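Observations on chain architecture
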Amino acid sequence: MKNHVRVRYAPSPTGYPHVGNIRTALFNWLFARHHGGSFIVRIEDTDVARGVEGAVEAILDGLKWLGMDWDEGPGVGGSYGPYYQSQRLDKYRASAERLIAQGNAYYCYCSPERLEQMRAEQIRRKQPPGYDRRCRDLSQSEIAGCRLENKNPVVRFKFPTEGKTTFTDMVRGEVTFENARIDDFVLMKSDGYPTYHLASVVDDHLMEISHVLRAEEWLSSAPRHLQLYQALGFEPPRFAHLPMLLGTDRSKLSKRHGAVSITEYKEQGYLPEAMVNFLALLGWSLDDKTEIMSRQELIENFSLERVSKTAAIFNREKLEWMNGVYIRKLSPEDFIKRATPFLEEGLPEEVPLSDDYVRRIMPLIQERARTLAEIPGLTDFFFTKKLEYETELLVGKKMDRESAGRALSLSLEKLKPLEPFDENSLEALLRPLAMELGLKTGQLFGTLRVAVTGRTVAPPLFQTMAVLGKERCLGRIREAITSLNRV
RNA sequence: GCCCCCAUCGUCUAGAGGCCCAGGACACCGGCCUUUCAAGCCGGCAACAGCGAUUCGAAUUCGCUUGGGGGCGCCA
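Residues numbered from 1 in each chain as written. Chains lettered and ligands numbered in written order. Predicted model: local features only at pLDDT ≥ 70, side-chain atom pairs only at ≥ 80, totals over all residues. Heavy atoms only, no water.

**Examining helix 18 (residues 461-468)**
Heads up, the condition is: Remark: exposure states derive from per-residue accessible area (1.4 Å probe, protein chains only) relative to the maximum for the residue type, with buried under 20%, exposed over 50%, and partly exposed in between. Numbering of helices and strands runs from the N terminus, with a helix taken as a DSSP run of H or I at least four residues long and a strand as a DSSP run of E at least two residues long. Any two residues having at least one pair of non-hydrogen atoms within 4.5 Å are treated as being in contact.
The element helix 18 is extensively covered by neighbouring structure, given that seven of its eight residues are classed as buried. Buried within helix 18 we find Leu461, Phe462, Thr464, Met465, Ala466, Val467 and Leu468. Buried residues along helix 18 sit in contact with helix 13 (355-365), helix 14 (375-383), helix 15 (401-415), helix 16 (423-437), helix 17 (441-453) and helix 19 (470-485). Two residues or fewer after helix 18 comes Gly469, characterised by a positive phi angle close to 95°.

In structure tokens, the structure reads:
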């Protein structure tokens, strides 16, 4: 398998790019890159009814955002195209016809209504639902009769009724199914489109896919696929069924668990490299301690042997932590670059962002941000003209309005002539001032912090004041004094 | 109901018979640092689902039970 690794990510454009699917894509991508193989994207748009406008773009954008480049597929072409199943209908049709000719498939004229009734009855009698094979062995005259009633039959696969289907899954080992339990599933729908089963088998063969890495929900379909490969005379790929991603309640990850579209994570200010690292660790691990790994390290170390069998719960808290780790690792320049769109988006009013001002603010919050989206909330006081806060916040522990007012007034006087208005001189001035006022440094600084930022939690005071500049600081202190005097 | 898969701290996981009275990380709780917050550092809490069997010895092997998940569509 050294040089012939060809894997695919085959999403169907029926909705947003789900993180579970993206995780599957990532494992495929890592596997391909690790082995120097090819990563192929194929769009499985065979469900005309459920197709969603813009879904393909969203999916591809998600891959691009995370840096998963594909060697063949939409936009890049390749010699196994087309890469949209809707453009490969002739191939599926040909295979279906061959299977019919070989006696491995047959037309089924049963109406959806009948099938539904049959299923309901089976369930009522506590039997496993499944096609009863009514059309499997129709005589010529019966077929003629059916044709009159139903002009658009489906094609079903004649699944073996005895024996077993066994295969070796690369993560789960040997898995065996009893053929008798599996019914004659549909290959071609009445609208002329193939079902997933037929289309994926035909395409995986035609595109010379060597390994199929997909989520565990497909495990029970594997015997169908294996039997199809056999009937078509194709050599099957190797299968690896990856552990599922679950929500916090242990059920299949879905919308009600919060953000499930990769797009949302981008919008919420997660870094793609953090996302990739985090997703890689959901069902795979390097060893007993390594967690922070670059894309390159992931590629170098990824292997199916280390993929776990157990479903994993998507743990937002850990992702947040990891995102913080990656934010802190960013160079100041890079941080500013990535933060800017969020600042522009998140700061509503006036604020023409001055590059220089932003450049001086950002270092103050880089190690405090866990996502890019929280940056506006962390820095808005740098931009707001008028601070809004409870006057009482100015009064620190064991202080009263009077002492707070006195502290601010004296600070104001001392600050007026201060030059330069930078971190060091501010500290040199303010520390002794606390003693002079008979306050603890924490009390003075706390009061000033509120006066100058409007909040009790902010970046370090002196740096913050220096960045705000003398004019803003003095103005805000004056306003604080005024509001203390009011009442 | 039937079939398949899975089972270590709340969560992600390490562990492929003795190195494990189970290691790391997130979260949580203390402490240190400190002008708040964050970061950092130190420490703590916390798990082998149960029962049998194999073995000198089992989280690791086997069986059963229980629990969880997935599948059973003219959806993928």
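**As for the pattern of salt bridges**
Quick reminder of the rule: Salt bridge, as applied in this entry: a Lys or Arg side-chain nitrogen positioned within 4 Å of an Asp or Glu carboxyl oxygen.
Counted according to the given criterion, the structure contains 33 salt bridges. The partner of Arg125 in a salt bridge is Glu121, with the nearest N and O atoms 3.8 Å apart. Residue classification places Glu121 among the partly exposed residues on the basis of a relative accessible area of 32%. Between Lys318 and Glu291 there is a salt bridge, with its nearest N and O atoms 2.9 Å apart. Here the residue Lys318 occupies a position in helix 11 (residues 316-329), and Glu291 occupies one in the loop between helix 9 (272-280) and helix 10 (295-301), the gap between them amounting to 27 residues.

**Some words on the environment of Met68**
With respect to the helices, strands and loops of the structure, Met68 is situated in the loop between helix 2 (55-65) and helix 3 (89-102). Taking the relative accessible area as the measure of exposure, Met68 reaches 1% and is therefore buried. Met68 sits 80 residues away from Leu148 along the chain, and the two C-alpha atoms are 51 Å apart. In this view, Met68 contacts Ile22, Ala25, Leu26, Trp29 and Leu63; residues no more than four positions away in its chain are not counted.

**Considering the nonpolar core**
Short version of the rule: Throughout this description, the term nonpolar core refers to a set of buried Ala, Val, Leu, Ile, Met, Phe, Trp, Tyr and Cys residues connected via side-chain atoms within 4.5 Å.
Counting 112 residues, the largest nonpolar core has Met275, Phe314, Met362, Leu415 and Leu430 as its most contacted members. A total of nine residues in this core trace back to one element, the largest contributor, which is helix 1 (residues 19-35). Every residue in contact with Leu415, bar those within four places of it in the chain, is listed here: Phe421, Leu426, Leu429, Leu430, Met465, Lys470, Leu474 and Ile477. Judged by nonpolar contacts, the second largest core, of 34 residues, contains Leu89, Tyr193, Val202 and Val212.

**Side note on the side chain of Arg42**
What counts, and what does not: Definition of a polar contact: a pair of N or O atoms within 3.5 Å, with one able to donate and the other able to accept a hydrogen when the atoms are protein atoms, and with sequence-neighbouring residues admitted only if both atoms are side-chain atoms.
Mapped onto the elements, Arg42 comes out in the loop between strand 2 (38-41) and helix 2. At 2.8 Å, the side chain of Arg42 and the side chain of Glu44 are in polar contact. The contacts of Arg42, once residues within four sequence positions are left out, are Arg8, Tyr9, Ala10, Pro11, Tyr83, Gln85, Ser200, Asp203, Asp204 and Met207.

**Considerations on the sheet that holds strand 4 (residues 154-157)**
Put simply, the rule is: Pairing between strands is defined by DSSP: at least two bridges between them are needed. Axes here mean lines fitted to C-alpha atoms, for a helix over just the part in contact, with angles spanning 0 to 180 degrees between N-to-C directions.
Within the open sheet, the three strands sit side by side as 3-4-7. Their pairing is antiparallel. Looking along the sheet, the strands with just one partner apiece sit at the ends: strand 3 (105-108) and strand 7 (186-188). On average, adjacent strands in this sheet sit at an angle of 45° to one another, irrespective of strand direction. The pairing of strand 4 with strand 7 spans two bridges and is antiparallel.

**Brief notes about the domain arrangement of chain A**
Selection criterion: Where each domain starts and ends comes from a domain assignment, either automatic or drawn from a database.
Domain annotation of chain A identifies domain 1 (6-85 + 245-313), domain 2 (88-242), domain 3 (331-380) and domain 4 (391-485). The C-alpha centroid of domain 3 is placed 55 Å from the C-alpha centroid of domain 2.

**Here we look at helix 9**
Each full turn of the α-helix corresponds to 3.6 residues, which orients residues three or four apart in the same direction. Of all the nine residues making up helix 9, eight are buried; the element is thus mostly covered by neighbouring parts of the structure. Those residues of helix 9 lying buried are Pro272, Ala274, Met275, Val276, Asn277, Phe278, Leu279 and Ala280. Against helix 1, helix 2, helix 8 (262-267), helix 10, helix 11 and helix 12 (332-346) lie the buried residues of helix 9.

**So, the confidence of the model for chain A**
Cut-off, in case you're wondering: For every residue, the pLDDT score states the predictor's confidence, bounded by 0 at the bottom and 100 at the top.
Taken over all residues, the pLDDT of chain A has a mean of 94, while the share at 70 or more is 98%. What the predictor reports for the complex is a pTM of 0.94 with an ipTM of 0.95.

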